Amino acid sequence: MLAFLVVLSAGELAEKVRSYHPSGDVEMVRRAYAYSELAHEGQKRKSGDPYFIHPVSVASIIADMRLDVASVCAALLHDVVEDTDVTDADIEREFGADVAFLVDGVTKLSKINFISKQDRTAESFRKLIVAMSRDLRVLVVKLCDRLDNMRTLDHMSDEGKERIARETMDIYAPLANRLGLASFRNELQDLSFKHLYPDVFADLERSAVSTAGERDAGILRVRQALTQKLGQQGFACRVEGRSKHLYSVWRKMHERQCTYDQVHDLTAVQVVMESVADCYAALGVIHSLWTPVPGRFKDYIALPKPNMYQSLHTTVFGPSHQRIEVQIRTTEMHGVAERGVAAHWRLGAGASGGLDPRAAAQFTWLRQLVESQDQLKDPTEFLESVKIDLFQDEVYVFTPKGDVRAFPRGSTPIDFAYSIHTDLGDRCTGARINGGIAQLSYKLRNGDLVEVLTSPDQRPHKEWLEWALTAKARGRIRGYLRTTQREKSMKLGHDLLEKALHEADISLGKLEHSSEDARRLCDALGYEQLDDVYVHVGYGKLKTSDVVDALAPLAPESSRRSLPPASLREGRIEAFVRKVTGRNSHGVLLNGVDDVLVRYTKCCNPLPGDEIIGFMTRGRGVTVHRKTCERAFETDPERRVAVSWDPKAKINRMVQLKVTTANRPGILATVGQTFHGAGINISEAACRAGEDGRAENLFTFLCADLAQLKGVMKRLAKVEGVVDVSRT
């Protein structure tokens, strides 16, 4: 079960800080407590409780982590700038620059108008990334803020719960993992899991509760056996044990396509030794006691994780032939495993964040995040790249010099090359992996020795985007391709414009040599320079006739054209699409205009209700992607246009669902009845039984919108025998 914190008084919070930081300014904690309480007076949470409960709870979590006074005060004050009339200057005047910086770093960008809620989230996170690169305490306070919000999410609307839980699962839980805050990660994942899949969570929780006694007894037997065996060998040790958290168990069920009863490694045991040498010796003792599971040994002592986590991991067949994961580490390593980055905090270190410099040097992933936010200007693209780079499954490879580098699982030599230098990535032709030649599409594996092969004539190609995984590599490749595409469009636009101006008796050469006329033209069309005019003509976003009209007052009298009033002139994009298509509504609005030619992509198959983005094509109108579609990020940002669903249009789109079921008689009939009960007629079905007792069924049908799709997916998930339901 998930525990919740008790709200502390000012005196109790101050004493908690004093208990681990006797020299800290606890009076400032009291002042911050009173200041926040007064600022939030009269404000209520959605539950009806006083809002002030939230900042106190966040401050209590910070104090449990034993962080400095500035962090505790920032937790108390983190919402006052956003939700009250208090300003950043007020905070700095009352509590100093250190606290003011932390508060500003955590504050959301609530007073800036973004195109969409998703863009607001992305830009808020971009700001958080920049701030935490200067001081990791910003991220720690933000994580504590998110943890308390997740603990009290029940009073939000269903839509709000799902949005916040998804954001937490995709961004904040991986961030907690990156900081080594395993307990934070586990609770954030479980709370997100609870709100994203409430029925599945409830079933799994019931199963876990019903078997808790048996599991606890098993852990006790293992602890006693290990303590006795290691003691007989002369080792001083401490053995602890725990059950794995629910989301971790659900992932195992999902990956292995099995039921709860078929997951055998539900427990983990930590063996804490006195030295590194004792850890390796204990490994031998444990393997002599119980048979190790082949392929399940990992040495994170020799190769620490990027978050500084160190342990030896092995899985053994323990008592009753039950699988048990055993983690062997020193006392210091155990502190890092339990407290993460907080274990390296030095109280009283000032505005540097109080982090040990040697520990701070380990956070290369943070520098990479900052680099990616600087490269990727599109908010949604940036957020998606962050999700990839924060993904917790990693591979560790070696450079020719023996240095260890960590990459997201699925990375390729392209990612490796760009991580070293952009020029190396641009000229990469392949790699020598462990002495053998490998293609650019090769997926890196743990322990690979990677040497990049280059050619001076090599340049990035579009297909590299299918192989590259990291934000840095994809950003560099896209940057090169955009530059190349811009150059091509500029040349095309120049040629088209030269021909059009020639027909109007206007000399493009004279225009290019007249800085005054060129400036007047750019001002009239709304561009910075003449090259931008060429590029947009080449893209098809600007008509040559618009340029001729803008130039007419500058040209000889014989070539002038009468212009309609500006209020009657059609917008450039709408006019272009209307000229190309002459079609009526296709269910999508472009800047409020509905007569646009629309092509729905097959890669993500958008439905009404999905967040969408448009991509302007030459002669084919607008191609519509879901905002989260990987292919959408590969399009040129200058051709992206804001689109929305037309609420008046009735659209039925063909959709596919993959339903994984137990392979048993009657299950397909039950699934078919579920579709019928949701008002859906199956157009096509493809079913394939596997050797593992499971069947994969692909159903194709017409669907009106996202709400209808989610409805039938929820119904299917409740059918007994259905293991997984996913949209393809």
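Attention here is on the structure that accompanies the text. (Residues numbered from 1 in each chain as written. Predicted model: local features only at pLDDT ≥ 70, side-chain atom pairs only at ≥ 80, totals over all residues. Heavy atoms only, no water.)

Here a ring pair, both rings aromatic, is described through the centre-centre distance and the interplanar angle of the planes. According to the stated counting rule, one finds 12 aromatic pairs in the structure shown. Seen in terms of ring centroids, Phe407 and Phe416 are 5.9 Å apart; in terms of plane orientation they differ by 40°. Their pairing is tilted. For Phe407, a relative accessible area of 4% puts it in the buried group. (Phe/Tyr/Trp six-rings, centres within 6.5 Å; stacked < 30°, edge-to-face > 60°. Buried < 20%, exposed > 50% of the residue type's maximum accessible area, 1.4 Å probe, protein only.)

Moving on: the pairing of strand β14 (residues 612-616). Each regular strand shows side chains that alternate between the opposite faces of the sheet. Within β14, five of the five residues are buried, leaving the element largely enclosed by the surrounding structure. In β14, alternate side chains face the same way, and those of Ile612, Gly614 and Met616 on one face and Ile613 and Phe615 on the other are all buried. Sheet topology places β14 next to strand β15 (residues 622-626); five bridges connect them, and they run antiparallel. In the strand pairing of β15, Ile612 is matched with Arg626. Bridge count for β14 against strand β16 (residues 640-641) is two bridges, and the pairing is antiparallel. Note that in β16 the partner of Gly614 across the bridge is Val641. (Helix = DSSP H or I, 4+ residues; strand = E, 2+ residues; numbered from the N terminus. Pairing = 2+ DSSP bridges.)

We now examine the sheet that holds strand β9 (residues 428-433). A sheet is described by the order of its strands in space; here three strands give the open sequence β10-β9-β11, paired in antiparallel fashion. Edge strands, defined here as strands with exactly one partner in the open sheet, are β10 (436-438) and β11 (450-454). Strand-to-strand twist in this sheet, taken as the mean axis angle between neighbours without regard to direction, amounts to 35°. Bridge count for β9 against β11 is five bridges, and the pairing is antiparallel. By the bridge assignment for β11, Arg432 is matched with Glu451. (Axes fitted to C-alpha atoms, helices over the stretch in contact; angles between N-to-C directions.)

The four strands lie next to each other as β13-β15-β14-β16, forming an open sheet whose pairing is mixed. Every interior strand has two partners, whereas the edge strands, β13 (598-600) and β16, have only one.

A few words now on the pattern of salt bridges. Scanning all chains against the criterion turns up 21 salt bridges. The salt bridge partner of Asp199 is Lys718, with a shortest N-O separation of 3.6 Å. One end of the pair, Asp199, is in helix α12 (residues 198-210); the other, Lys718, is in the loop between α31 (706-717) and β21 (722-727), with 519 residues separating them in the sequence. Exposure remark for Asp199: the relative accessible area of 40% places this residue in the partly exposed category. Looking at Lys718, the relative accessible area reads 60%, which means it is exposed. With a closest N to O distance of 3.4 Å, Arg688 and Glu696 form a salt bridge. In this structure, a network of salt bridges that share partners links the residues Asp68, Asp98 and Arg137. (Salt bridge = Lys/Arg side-chain N within 4 Å of Asp/Glu carboxyl O.)

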